[in-house]
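The chain contents come next:
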Amino acid sequence: MESFGARLRAAVASRGPLCVGIDPHAELLARWGLTDDADGLAEFSRTVTEALADRVAIFKPQSAFFERFGSRGIAVLETTIRRLRRAGALVLLDAKRADIGSTTAGYAAAYLDPASPLSVDAITANPYLGVGALRPMMERARAHGGGVFVLAMTSNPEAAAIQQATTADGRSVAQLVVDEISQLNEGVAAGSFGVVVGATVGESAPDLSRLQGPILAPGIGAQGATAADLRAVFGAQLPAVLPSTSREVLSAGPDPTALQEAAARSLAACRRVLNGGDQPS
Ligand SMILES: O=C(O)c1cc(=O)[nH]c(=O)n1[C@@H]1O[C@H](COP(=O)(O)O)[C@@H](O)[C@H]1O
């Protein structure tokens, strides 16, 4: 199978550089007039999928909001993944998994093996147990054309104390993560291993110049960052950036046309920045 990096590049070329997060918060379900249960979740996910699956390059369902309804929520997640992929979209499951290597192998089998009912194109992973502990995910991803996005510098304000701490060799923890992921992409034009760097981090972003893989940039919209902030955060690495937003688009629902217009607005704003159209004169 073609690599995730190549498939992502093709999807972005045809549908544009935007990842839409599917985060069915209780407040959003209420605002959409839906019940806060698995039926409401199913209706929410169906509406988002029908409105956007044929026009957005990649979706990022947030596993937490499906897990909170137990097995019925997971069943909705399975259906949602299937429908999104059938419509030609890529699916990046936001589960932020990690564990010791032998258990990570279980997560890899759950999400990155085509035989699993929860199989997706890529997942988010947490490097706190060491990037090396994620190796079973990387191996399974390589074998099946999948991808892994590893948290490097996240969008939340609490993150700096750990992620910007200095390691024994003087690099920040975030930089160490980026460097280890860069090694995995070495020699590949469009790497399948990405990092997560929030659009909110300002000028403290790590050096991403050797990554050769995608940079997932959440934090646009509800968390305060705008598409215009991407330039200051990512500079020369903008072409590798995959901006991601959830509530900014989802809060326009449940009307499908309003959802489509909100996604088109977010995409246009990101495109302007990524293509250099908003350069200050
Ligand atoms: O991995 C992520 O996607 C992620 C990383 C990060 O640094 N910050 C962050 O907000 N996220 C996720 O991105 C989504 C943000 O949603 P909105 O703030 O509504 O756009 C949530 O699902 C978060 O879990």
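On a predicted model such as this, the values are computed, not experimentally measured, just so you know.

Trainee: Describe the UniProt feature "active site" (unreviewed entry) in the protein chain, listing the residues and the values that go with them.
Mentor: What UniProt calls "active site" (unreviewed entry) maps, in this numbering, to Lys96. Along the chain, the position of lysine 96 falls in strand S3 (residues 90–97). The class for lysine 96 is partly exposed, based on 18 C-beta atoms found within 10 Å. Those residues within four positions of lysine 96 in sequence are excluded, and the remaining contacts are Thr124, Ala125, Asn126 and Leu151.

Trainee: Please provide a residue-by-residue account of the nonpolar core, values included.
Mentor: Counting 87 residues, the largest nonpolar core has Val148, Val150, Val195 and Ile215 as the members making the most contacts within it. The element that contributes the greatest number of residues to this core is helix H12 (residues 256–274), accounting for eight residues.

Trainee: So what's going on with unusual backbone geometry? Which residues, and what values?
Mentor: Glycine 253 connects to proline 254 through a cis peptide bond whose omega is 10°. Among the secondary structure elements, proline 254 is positioned in the loop between helix H11 (247–250) and H12. In this model, glutamine 212 sits at a positive phi of 55°, which is unusual for a non-glycine residue. With respect to the helices and strands, the residue glutamine 212 is situated in the loop between strand S6 (193–197) and strand S7 (215–217). Classification of glutamine 212 as buried rests on a count of 20 C-beta atoms within 10 Å.

Trainee: Any chance you could break down the site of the ligand for me, citing the residues and the numbers?
Mentor: Not every one of the 20 residues close to the ligand is listed here, only the nearest: Thr154, Ser155, Pro218, Ser246 and Arg247. When contributions to the shell around the ligand are tallied by element, the ones reaching two or more residues are strand S8 (241–245) and H11. When its residues are assigned to classes, the shell around the ligand shows three nonpolar, 12 polar and five charged.

Trainee: I'd like to hear about the sheet that holds S3, residue by residue, with values.
Mentor: The strand order around the closed barrel built from eight strands is S1-S2-S3-S4-S5-S6-S7-S8, with neighbouring strands paired in parallel fashion. Across this sheet, the average inter-strand angle for adjacent strands is 30°, counted without regard to direction. Here S7 runs beside S8; their pairing, made up of three bridges, is parallel. Bridge pairing in S8 links alanine 217 to proline 243.

Trainee: Just give me the short version of helix H3 (residues 38–52), but keep the residues and values in it.
Mentor: If you check H3, its first and last C-alpha atoms are 21 Å apart, about what 15 residues at 1.5 Å a residue would give, namely 21 Å. Within H3, burial applies to Gly40, Leu41, Phe44, Ser45, Val48, Thr49, Ala51 and Leu52. The inward-facing, buried residues of H3 contact strand S1 (19–22), helix H2 (26–31), helix H4 (63–67), helix H5 (70–86), H11 and H12.

Trainee: Break down the packing of H3 against H12 for me, citing the residues and quoting the values.
Mentor: Packing of H3 against H12 leaves a shortest axis separation of 9 Å and a crossing angle of 60°. By the criterion of interaxial angle, the relationship of H3 to H12 is oblique. Taken as a pair, H3 and H12 cross one another with a handedness that is right-handed. Two secondary-structure elements touch here, H3 through Thr47, Val48, Glu50, Ala51 and Leu52 and H12 through Pro256, Leu259, Gln260 and Ala263. For the contact of H3 with H12, a count of residues per class yields six nonpolar, two polar and one charged.

Scoring rules and cut-offs
- Residues numbered from 1 in each chain as written.
- Predicted model: local features only at pLDDT ≥ 70, side-chain atom pairs only at ≥ 80, totals over all residues.
- UniProt positions renumbered as here; feature names shortened; annotations may be inferred.
- Helix = DSSP H or I, 4+ residues; strand = E, 2+ residues; numbered from the N terminus.
- Buried ≥ 20, exposed ≤ 12 C-beta atoms within 10 Å, placed from the backbone.
- Contact = placed C-beta atoms within 7 Å.
- Core = buried A, V, L, I, M, F, W, Y, C linked by C-beta atoms within 7 Å.
- Near = placed C-beta within 6 Å.
- Nonpolar A, V, L, I, M, F, W, Y, C, P; charged D, E, K, R; others polar.
- Pairing = 2+ DSSP bridges.
- Axes fitted to C-alpha atoms, helices over the stretch in contact; angles between N-to-C directions.
- Expected span 1.5 Å × (residues − 1).
- Parallel < 35°, antiparallel > 145°, perpendicular 65-115°, else oblique.
- Left-handed = near helix turned anticlockwise from the far one by under 90°.

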